[in-house]
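Observations on the three-dimensional arrangement
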Amino acid sequence: MVEETQTISAAPSPDWTVPQDWSHYSAQDHATWDTLFARQAKLLPGRASEAYLRGLDVLKLSKPGIPDFDELSDRLMKLTGWQVVAVPGLVPDDVFFDHMANRRFVAGNFIRRPDQLDYLQEPDVFHDVFGHVPMLADPVFADYLEAYGRGGQRALTLDALKYLGRLYWYTVEFGLIAEPEGLRIYGSGIVSSYAESRFALDDPSPNRIAFDLARVMRTDYRIDDFQQNYFVIPSFDDLLRLTVETDFAPLYADLAAQPDIPVAAIDPNDIVLTHGTQAYARNKAAGAG
C-alpha cells in the first residue's frame, strides 16, 4: 500500500511477484477465509456499494476456500482486463505503481491466523482479494485504479507521494459513496472489516464529508484504528473524471504551500454530511491515558 512499504530480505523477482502456491494452503487457512467471508457476506448487503456486491457475485468469490489467483484472473481479465498477482508482502512504491498502471493488482499470498480475525497490520489475502478485487470488476473503478497507478509513477518524480497516498487511503481503502438508497461503503479497508463495516455507516462518531480532491489530499489519516473522517463521492464516474482531468503537478505545488489538515478536523469549506461527535476517538484516547 502507498506510504507503507516494508523491507523484505530479497525480491523474489524483478517485479516482486511470487507464485501463489495455492496447493500449500492448509485446511485451517481455507477455514479462516471461509469464516471471514461468511460474516462479511452476511453483513454487507445494504451496506456495500452496488458495484462491490456485483463484483463479489460475478467473480464467484463465494466459492469455499481461498480463491485461486489464476482462476480469479481469468474471470477478471474478461471483465476489465485486470489480473491478480501474488506478492510476499508490501512492495516498494515504484513496483506497486507499475503493476497498477498495467492492470495488475498485487495481493498478499498469506492469510491471517484464526486469532487475528479482527485486525492485522499488514494486508493479507483476505483484505486484498475480498476487499479490493470485487471493485476491479467494475469498469469505471478499474479505469480509476489504472489512472491512479500512472499518477503514482508521476508523483514519485514530483516528490508528492504523501498527497497521492492520502487520495488512495480515503477512496480505495476507506471511501464511501452516495447511492440512491443512501450512503454505501466501497473502500477495501471497510468492506473487509467486520467492525468498521458498521462503524463507518452507523456510528455517530466520525465526520462524513463530501469529497473534494484537494481537501482529501491535505488530510492526515490514522492507520491503527477506525477513521475519524470519511469522504463521500457522488459516483465512480466523478472520481474517475477528476483523476484523469486534473493536472496534478500544479495541484501538488499548491498543496505544498498549505498546512496539512489534522485527523478529525472540519475545514470551513467542507460540505459536512454528518458532523461526528468524535466520541469513539475521545473515549479511546481517555482509556489510553
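Residues numbered from 1 in each chain as written. Predicted model: local features only at pLDDT ≥ 70, side-chain atom pairs only at ≥ 80, totals over all residues. Heavy atoms only, no water.

1. What about the overall build of the chain?
On a plain count of helices and strands, the chain comes out with 13 helices and seven strands. Its C-alpha atoms give the chain a radius of gyration of 18 Å, within 12% of the compact-globule value 19 Å for 289 residues. Principal axes of the C-alpha set define a box for the chain whose edges measure 55 × 40 × 40 Å. Looking at the chain as a whole, 54% of its 289 residues are labelled buried. For the chain, the share of sequence-separated contacts (at least 6 apart) that also reach a separation of at least 24 residues comes to 70%. (Helix = DSSP H or I, 4+ residues; strand = E, 2+ residues; numbered from the N terminus. Rg over C-alpha atoms; globule rule 2.2 N^0.38 Å. Buried < 20%, exposed > 50% of the residue type's maximum accessible area, 1.4 Å probe, protein only. Contact = heavy atoms within 4.5 Å.)

2. Thoughts on the sheet that holds strand β7 (residues 272–274)
Read from one edge of the open sheet, five strands run β4-β3-β6-β5-β7, paired in mixed fashion. Each end of this open sheet is capped by a strand with a single partner; those strands are β4 (182–185) and β7. Across the sheet, the mean angle from the axis of one strand to that of its neighbour is 35°, orientation sign disregarded. Inspection of the sheet shows strand β5 (residues 207–210) paired to β7 by two bridges, in the antiparallel sense. Bridge pairing in β7 places Ile209 opposite Val272. (Pairing = 2+ DSSP bridges. Axes fitted to C-alpha atoms, helices over the stretch in contact; angles between N-to-C directions.)

3. A short note on the pattern of salt bridges
Using the criterion set out here, one finds 19 salt bridges in the structure. Glu71 is paired through a salt bridge with Lys63; the nearest N and O atoms lie 3.4 Å apart. Residue Lys63 is classed as partly exposed on the basis of its relative accessible area, which comes to 48%. In this structure, the salt-bridge partner of Arg112 is Asp124, at a minimum N-O distance of 2.9 Å. Of this pair, Arg112 sits in the loop between β2 (104–108) and α5 (125–136) while Asp124 is found in the loop between β2 and α5, placing the two residues twelve residues apart along the sequence. Summarising the burial analysis for this pair, Arg112 and Asp124 share the class buried. Each of Arg103, Asp143, Glu146 and Arg150 takes part in a single network of salt bridges with overlapping partners. (Salt bridge = Lys/Arg side-chain N within 4 Å of Asp/Glu carboxyl O.)

4. Here we look at the environment of Lys162
Relative to the helices and strands, Lys162 resides in helix α7 (residues 161–173). Within the local environment of Lys162, its side chain forms a polar contact with the side chain of Asp260, the two groups lying 3.3 Å apart. (Polar contact = N/O pair within 3.5 Å; in protein donor to acceptor, adjacent residues only side chain to side chain.)

5. Regarding the packing of aromatic side chains
All told, the structure shown has 23 aromatic pairs when counted by the stated rule. Considering the side-chain rings of Phe141 and Tyr144, the 5.6 Å spacing of their centres and the 50° angle between planes classify their relative orientation as tilted. Pair noted here: Phe141 and Tyr144 are both in helix α6 (residues 139–157), with a separation of three residues, about one helical turn. The buried category is assigned to Phe141, whose relative accessible area is 2%. (Phe/Tyr/Trp six-rings, centres within 6.5 Å; stacked < 30°, edge-to-face > 60°.)

6. A few points about the pairing of β2
The element β2 is largely enclosed, with a buried count of four among its five residues. As paired strands, strand β1 (residues 83–87) and β2 are joined by five bridges and run parallel to one another. Residue pairing in the sheet places Gln83 in a bridge with Arg104 of β2. Each parallel crossover has a hand, and for β1 linked through helix α4 (residues 93–101) to β2 it is right-handed. (Right-handed = clockwise from strand over helix to strand, strands pointing away.)

7. Side note on the packing of α4 against α6
Packing of α4 against α6 leaves a shortest axis separation of 7 Å and a crossing angle of 145°. For α4 against α6, the interelement crossing comes out left-handed. Residues Asp93, Asp94, Phe97, Asp98, Met100 and Ala101 of α4 touch α6, and the partners they reach there are Leu145, Glu146, Tyr148, Gly149, Arg150, Gly152, Gln153 and Leu156. Its residues assigned to classes, the contact of α4 with α6 shows six nonpolar, three polar and five charged. (Left-handed = near helix turned anticlockwise from the far one by under 90°. Nonpolar A, V, L, I, M, F, W, Y, C, P; charged D, E, K, R; others polar.)

8. Things to note about the confidence of the model for the chain
When the pLDDT values of the chain are averaged, the result is 93; 95% of them are 70 or greater. Considering only residues more than four positions removed or in separate chains, one finds that residues 1–11, a stretch of pLDDT under 50, has 33 contacts. (pLDDT = per-residue confidence, 0-100.)

9. Describing the side chain of Arg215
Mapping Arg215 onto the fold places it in helix α10 (residues 213–217). Arg215 gets classed as buried once you look at its relative accessible area, which sits at 5%. If we ignore the near neighbours within four places in the chain, the residues touching Arg215 are Ile209, Asn229, Phe231, Ile261, Ala265, Ile266, Asp267 and Asp270.

10. Observations concerning the side chain of Asp267
Tracing the backbone through its elements, the reader meets Asp267 in the loop between α12 (248–256) and β7. In this structure Asp267 is buried but unpaired, with Arg218 as the nearest side chain of opposite charge at 4.3 Å. (Lys, Arg positive; Asp, Glu negative; His and termini not counted.)

11. Observations concerning the environment of Pro180
Following the sequence through the fold, Pro180 ends up in the loop between β3 (176–179) and β4. Under the relative-accessibility criterion, Pro180 is labelled exposed at 79%. Measuring from C-alpha to C-alpha, the distance between Pro180 and Asp260 comes to 33 Å, with 80 residues separating the pair along the chain.

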